[in-house]
Amino acid sequence: MGEENILRYTDLAALVQMARARGWPAGRIVREMSRGLSYSDALTLARKAAPLLDISVSEFMKLRKIE
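Figured I'd write up the structure that's included with this text. (Residues numbered from 1 in each chain as written. Predicted model: local features only at pLDDT ≥ 70, side-chain atom pairs only at ≥ 80, totals over all residues. Heavy atoms only, no water.)

Focus: the packing of aromatic side chains
Now for step 1: As enumerated under the stated definition, the model contains zero aromatic pairs in all.
Now for step 2: In this arrangement the basic side chain of Arg 28 is found over the ring face of Trp 24, its NZ or CZ atom lying 3.9 Å from the centre. (Phe/Tyr/Trp six-rings, centres within 6.5 Å; stacked < 30°, edge-to-face > 60°. Lys NZ or Arg CZ within 6 Å of the ring centre and 35° of its normal.)

Shown next, in the form of structure tokens:
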């Protein structure tokens, strides 16, 4: 299982912990988590994941767009 595939099978808290342990910045974590999601699905994810990343929901959505 590749590094990106593991993101689909892990709970959010564990995902954030693993990504931070690898030195990933918040922007990369957000983009990897929300890749391929519709806006509404990404917003639902943002509401759950943003607190774990210590960012706001709006910051999550902003980071999602930045490449």
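So, next bit.
Section: the environment of Leu 12
Now for step 1: Relative to the helices and strands, Leu 12 is located in helix 1 (residues 12-21).
Now for step 2: Among all residues touching Leu 12, those that are not within four sequence positions of it are Met 33, Leu 45, Lys 48, Ala 49 and Leu 52. (Helix = DSSP H or I, 4+ residues; strand = E, 2+ residues; numbered from the N terminus. Contact = heavy atoms within 4.5 Å.)

Comments concerning unusual backbone geometry
Now for step 1: In this model, Asp 54 sits at a positive phi of 60°, which is unusual for a non-glycine residue.
Now for step 2: Within the element layout of this structure, Asp 54 appears in the loop between helix 3 (39-53) and helix 4 (57-65).
Now for step 3: For Asp 54, a relative accessible area of 67% corresponds to the exposed category. (Buried < 20%, exposed > 50% of the residue type's maximum accessible area, 1.4 Å probe, protein only.)

A few points about the nonpolar core
Now for step 1: Core analysis: the largest hydrophobic core is formed by 17 residues, its most contacted members being Ile 29, Met 33, Leu 53, Phe 60 and Met 61.
Now for step 2: Those elements that place two or more of their residues in this core are helix 1, helix 2 (26-34), helix 3 and helix 4.
Now for step 3: Broken down by element, this core gets its largest block of residues, seven residues, from helix 3.
Now for step 4: In this structure, Phe 60 is in contact with Val 30, Met 33, Ser 34, Ala 42, Leu 45, Ala 46, Ala 49, Ala 50, Leu 53 and Ile 55, ignoring residues within four places of it in sequence. (Core = buried A, V, L, I, M, F, W, Y, C linked by side-chain atoms within 4.5 Å.)

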